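Breakdown of the fold
Here is what each chain is made of, one letter per residue.
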Amino acid sequence: VQLQASGGGLVQAGGSLRLSCAASGRTFSSAVMGWFRQAPGKEREFVAAVRWSTSSTYYADSVKGRFTISRDNAKNTVYLQLNDLKPEDTAVYYCAARFSSTPFAIASSSNYDYWGQGTQVTVSS
């Protein structure tokens with residue numbers, strides 16, 4: 001399984017970015033795809049997740065109403081639309097995958113088996 005994250009960049013506060021996570025290597029129908037982020041000196045934190053089979057979505061409280069996660073079956077790609085960005089959103093953003101049809105703690109990074117390389121998002125004030 002390979003996950004390739006892209007789309008990060010430098011943006012002013014209030015701006016938008018769209019991150020992409022291209023997935024390959026197996027069928028993703030049973031996957032939960034997550035986005036996490038890690039700022040300098042801080043622990044990796046959950047941002048959002050989507051269950052591939054149902055498109056059910058999950059968000060951290062800090063990004064609800066500003067970020068939107070989605071997936072494109074045809075392209076095997078997961079997107080994270082970041083709107084109304086704030087300086088505190090500055091971090092390296094990682095996509096991750098876990099293949100499971102049973103419930104698990106989606107917000108816990110230790111539950112994910114595969115990780116992309118990360119893409120830097122920097123929000124200036």
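Up top is the structure these notes are about.
Residues numbered from 1 in each chain as written. Predicted model: local features only at pLDDT ≥ 70, side-chain atom pairs only at ≥ 80, totals over all residues. Heavy atoms only, no water.

It is worth spelling out the side chain of R37 at this point. For R37, the position within the fold is in strand β4 (residues 31–38). Take R37: its relative accessible area is 6%, and that puts it in the buried class. At 2.6 Å, the side chain of R37 and the side chain of E45 are in polar contact. Aside from chain neighbours lying at most four places away, what touches R37 is E43, R44, E45, V47, S62, V63, F67, E88, D89, A91, V92 and Y93. (Helix = DSSP H or I, 4+ residues; strand = E, 2+ residues; numbered from the N terminus. Buried < 20%, exposed > 50% of the residue type's maximum accessible area, 1.4 Å probe, protein only. Polar contact = N/O pair within 3.5 Å; in protein donor to acceptor, adjacent residues only side chain to side chain. Contact = heavy atoms within 4.5 Å.)

To continue, consider the pairing of strand β8 (residues 77–82). Across the six residues that make up β8, a large majority, five, are buried. Pairing geometry for strand β3 (residues 17–24) and β8, over six bridges, is antiparallel. Following the sheet pairing, A22 is matched in β8 by T77. Two strands pair when backbone bridges link them, and strand β7 (residues 67–72) and β8 are joined in this way by six bridges, in the antiparallel orientation. (Pairing = 2+ DSSP bridges.)

Here the structure, examined in full by the defined rule, presents nine aromatic pairs. Judged by centre distance (5.1 Å) and plane angle (75°), the rings of F36 and Y112 are edge-to-face. Taken together, the positions of F36 in strand β4 and Y112 in the loop between β9 (91–99) and β10 (114–115) put the pair 76 residues apart, joining distant regions of the chain. Taken together, F36, F46, Y94, F104, Y112 and W115 form an aromatic cluster joined through their ring pairs. Directly above the aromatic system of Y79 lies the positively charged group of R18, at a separation of 4.1 Å from the ring centroid. Between R44 and the ring centre of W115, over which it is positioned, the NZ or CZ distance is 4.7 Å. (Phe/Tyr/Trp six-rings, centres within 6.5 Å; stacked < 30°, edge-to-face > 60°. Lys NZ or Arg CZ within 6 Å of the ring centre and 35° of its normal.)

This part covers the environment of M33. Along the polypeptide, M33 turns up in strand β4. Judged by relative accessible area, which is 1%, M33 ranks as buried. Once residues lying within four places of it in the same chain are set aside, the contact partners of M33 are L3, C21, A23, F28, A48, A49, V50, W52, I69, V78, A96 and A97.

Here we take up the pattern of salt bridges. Across all of its chains, the model carries four salt bridges by this definition. Measuring nitrogen to oxygen at the nearest pair gives 2.6 Å for the salt bridge that ties R37 to E45. Note on E45: relative accessible area 35%, which makes it partly exposed. With a closest N to O distance of 2.9 Å, D89 and R37 form a salt bridge. One end of the pair, D89, is in the loop between β8 and β9; the other, R37, is in strand β4, with 52 residues separating them in the sequence. Both residues of the pair, D89 and R37, belong to the buried class. In the salt-bridge network here, residues are joined through shared partners; they are R37, E45, R66 and D89. (Salt bridge = Lys/Arg side-chain N within 4 Å of Asp/Glu carboxyl O.)

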